[in-house]
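Each chain is listed here by its residues.
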Amino acid sequence: MQKSLTVGIAGGGISGLASAYYLAQKAAASKLPHLKILLFERSSRFGGWIRTDQLGPKYDAHIFELGARTLRLQSGNTSLSKHSAINTLQLLEQLKIFDDQFCPIEKSAPANKNKLIYYKQNLVNLNDLSLIFGGKPLRYPPFVYALYEYFSKQGRVKVQDESIRSFIYRRFGDILGEEIVEYLLDPLLKGIYAGDVSKLSAKSVLKKIFEFEQTHGSVINGIMKSRQDRKTEDPVNLLFNDLNLNDYSHILSKHAIYYLKDGMEKLTRTLVDHLQSLPNVELKPKQLLQRIDFSDDHVSICTRSNEKFVVDHLISALPAYELANLLDDTQHKILRSRLNQIAFVNMVVINLLYGKEDIYPKEAFGYLIPTREHSHLLGVLFDTCVRHTIDKQKHGSQLTVMMGGAWFDELRLGELTEDQIMNIVMKELKKQMNLDEKPAVYSVARLNKSIPNYNVGHQDVLDDIYALIRRDQLPLTLVGNSYRGQHNNKMYVSLIVSTIVLVFITGGLTTDCPSSPSKWCESKEVARACNVTEQCQTYVWKTRASGERVNLSIYYETLCPDCRQFISTQVWNAYQSILDIVNITFVPYGNTRELYRPETKLYQYYCQHGAEECYGNLIHACVINFYPQTEQHMPFIYCTETTDGEMESVATECAQKTTIDYDQITACTHSRLGNQLQHAYAVQTESLQPAHQYVPWVTLNGEHTEDMQKQAEKDLIGLVCKSYKGSDPPSQCVKNL
């Protein structure tokens, strides 16, 4: 009889609701039909910062949005962004609110096209900025900045992380960098993070741009190379194989953003109604959590009302600082500390409704304000322009004013009364928009610790958090924007289901497994505890002849261009032709740097081609571990080394093509085992004699010479055949002799 499982979800905002929705959906179609879901929310309402206030007939049914008011259909050039958007559209359809609520904004509409910046006491439209001829707020045309960054040799240094301000000044110099930072990135990132570019992390906030520069020496060079390497068929399609891109192509081609007719809270309320209708989902509002305790096989959730709930796995959709406060300070001291290192900023959001029909200086989405303009405001949204299709029949015009963020304490906004805040707002709107009218109705909302800021070192903090969870084998999954921004919940919950299936149905790894890989094959009991019986049987216990087969070892990195070329040609050809005379060993480590973190008792890795490569190395290590025969793992390695795209989507696609159980691999990459496998490869690589100087690095029967390396890169089959001393060589060797 299958074990009944319970998953608890802490936090009833959009991340918690979406996690419950997709978890219930996936569980119904997977190996967990009896999964029970408990969703805890501290307040009486679900939805978090998404809140829509209906003003009623007196104010012509206008609405005030406290949080997000639009969703993007395309947030980037990758197909992943398109699929994520389509996934949300499909959610609206599944909830049966698409036809009634979906209100798209055309790409050519002023609300999408016109993005304003308050520049030297004037509103400047960034849409007027010409690539060739330039325009405000830049001194030179944009192509000048691009050419400078592409050809400049200054500032090409490897850094672990740095602030966005530092990154741009390093790549563009003081003169050009000043304009990009102060009048473009500073206001634009205020609109997303309400954060300070002197503190925000380039590695976490400008992830792709930072990786391009660190990998290719130039942002522009990295962008060009990524376009050259992009293939027609994107492997991310496999992650969304139940979505049809063509079904929504007409929407994507014409529209960029959309809103919901009755406001964003319509989505969260409908999600709540749907979840309440499911027999295996239980919503628990007004549950103020007091403590979370992790035991060997369960999680105890205690509330302020002295209730106790026991679950098998916990999904935390709480802000990082809230989760930290619920953990035991003695048992999880370091984890609490790391969670509390994720910064949050306070916001003040002011919604205003005016009686006049046209209060806007220009039809646009709104405007943002650079710090150098010394304004109390972060930005102003033109709500009636955004909701033009619905609000054009209504009387009046709306604005939303944002204040605070990283400057909340400096401006002492927490000490101001509502009237004092409104006086500041009215003066600023008079100055910036020439708006002298008083609003018919307004609302002032204080949002404490509402937006996470990914400051310098954020990625290292995340690495520590996930390493601590792996080290202590906590049945805990983190979701929400505290960590990596807005994830696609459908993809994320697929991972959660996979992990739960492995841990609670197959049993996972036991705590009796020694920490040192060298001890895993000491006995069959230990090997069984470490889940490596097959590997020990193949490589340690099994007696086999050693004199004939050639031992070929390949030390490589998953994203190294030369490694990919070598594996996809020379190694692949050898595998297909002469596998019966050669033992091929892959060592995915290369030029990676390893750092032991005593506080986590785990190793942290820094790879030549960035975090994506480290993840690829880890995936390869886990695949080789669970599929030790060359015939098992070689097709997967070949597939990943010949397919471009995000590592997660590429690995998922290649696993399906090569019959690899990717659920098992995913669980390995999130476990202590994965970290130990990486360390074992680090030791093996660092023990090479002579020490490796580059990758790929080839050894034959444990030896390496420059002549051997050159011949391997030119004719690996010939090199192996020449080294083979056994009888009856394969036909391919006869051809090469």
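Calculation rules
Residues numbered from 1 in each chain as written. Predicted model: local features only at pLDDT ≥ 70, side-chain atom pairs only at ≥ 80, totals over all residues. Heavy atoms only, no water. UniProt positions renumbered as here; feature names shortened; annotations may be inferred. Salt bridge = Lys/Arg side-chain N within 4 Å of Asp/Glu carboxyl O. Helix = DSSP H or I, 4+ residues; strand = E, 2+ residues; numbered from the N terminus. Patch = residues over 30% accessible without salt bridge, like charges linked within 9 Å, V, L, I, M, F, W, Y side chains within 5 Å. Areas by Shrake-Rupley, 256 points an atom, 1.4 Å probe, with all protein chains shown as cover. Lys, Arg positive; Asp, Glu negative; His and termini not counted. Charge placed at Lys NZ, Arg CZ, Asp CG, Glu CD. Phe/Tyr/Trp six-rings, centres within 6.5 Å; stacked < 30°, edge-to-face > 60°. Lys NZ or Arg CZ within 6 Å of the ring centre and 35° of its normal. Buried < 20%, exposed > 50% of the residue type's maximum accessible area, 1.4 Å probe, protein only. Pairing = 2+ DSSP bridges. pLDDT = per-residue confidence, 0-100. Contact = heavy atoms within 4.5 Å. Disulfide = S-S within 2.5 Å.

Looking up the protein chain in an unreviewed UniProt entry gives the name protoporphyrinogen oxidase, with the organism given as Adineta ricciae. Quoted verbatim from the Catalytic activity (unreviewed entry) field of the UniProt record, the comment on the protein chain reads "protoporphyrinogen IX + 3 O2 = protoporphyrin IX + 3 H2O2". Its UniProt record gives the protein chain a comment under Subcellular location (unreviewed entry), which states: "Secreted".

Turning to the pattern of salt bridges, a few remarks are in order. Tallied over the full model, the rule gives 27 salt bridges. Salt-bridge contacts for Asp100 lead to Lys261; the nearest nitrogen and oxygen are separated by 2.9 Å. Here Asp100 is found in helix 3 (residues 98–101), whereas its partner Lys261 is found in the loop between strand 9 (255–260) and helix 11 (265–276), with 161 residues between them in sequence. Sharing partners across several salt bridges, the network here consists of Glu149, Glu162, Arg170, Arg171 and Glu213.

A grouping of Asp562, Glu706, Asp707 and Glu713 is seen on the molecular surface, where their side chains present a negatively charged patch. Considering every element that reaches the negative patch, the biggest residue donor is helix 27 (residues 706–723), with 3 residues. Take Asp707: it is sitting in helix 27.

Before going further, it helps to examine the packing of aromatic side chains. A full pass over the atoms with the stated rule returns 18 aromatic pairs. Through pairs of rings, three or more aromatic residues link up here, namely Phe98, Phe102 and Tyr258. Across the ring face of Tyr321, the terminal group of Lys449 is positioned such that the distance to the ring centre comes to 4.4 Å.

Of all 7 residues in strand 21 (residues 550–556), 6 are buried; the element is thus mostly enclosed. Sheet topology places strand 21 next to strand 22 (residues 582–588); 7 bridges connect them, and they run parallel. Its bridge partner being in strand 22, Asn551 is matched across the sheet by Asn583. Bridge analysis of strand 21 against strand 25 (residues 697–700) gives 4 bridges, and the strand direction is antiparallel. If you follow Ile554 over to strand 25, its bridge partner there is Val698.

Our focus in this paragraph is the confidence of the model for the protein chain. Averaged over all residues, the pLDDT of the protein chain equals 86, while 86% of them reach at least 70. Low pLDDT, under 50, characterises residues 231–241; the stretch is placed with 27 contacts to residues that sit more than four places away or in other chains. Across residues 486–496, where pLDDT falls below 50, the model places 31 contacts with residues more than four positions away in sequence or in other chains.

Within this structure, the stated rule accounts for 4 disulfides. Here Cys622 connects covalently by a disulfide to Cys668, the sulfurs 2.1 Å from one another. Across the disulfide from Cys622 to Cys668, rotation about the S-S bond amounts to roughly -75 degrees, and the bridge is consequently left-handed. With a gap of 46 residues between them, Cys622 in helix 22 (residues 611–626) and Cys668 in helix 25 (residues 662–669) connect regions that are remote in the sequence. Accessibility assignment for this pair places Cys622 and Cys668 in one class, buried. Cys639 shares a disulfide with Cys654; S-S distance 2.1 Å. The sign of the S-S torsion, about -75 degrees, decides the handedness of the disulfide formed by Cys639 and Cys654: left-handed. Remark: Cys654 occurs in helix 24 (residues 647–657) and Cys639 occurs in helix 23 (residues 630–641); sequence separation between them is 15 residues. Accessibility expressed as a relative area gives 8% for Cys639, which makes it buried.

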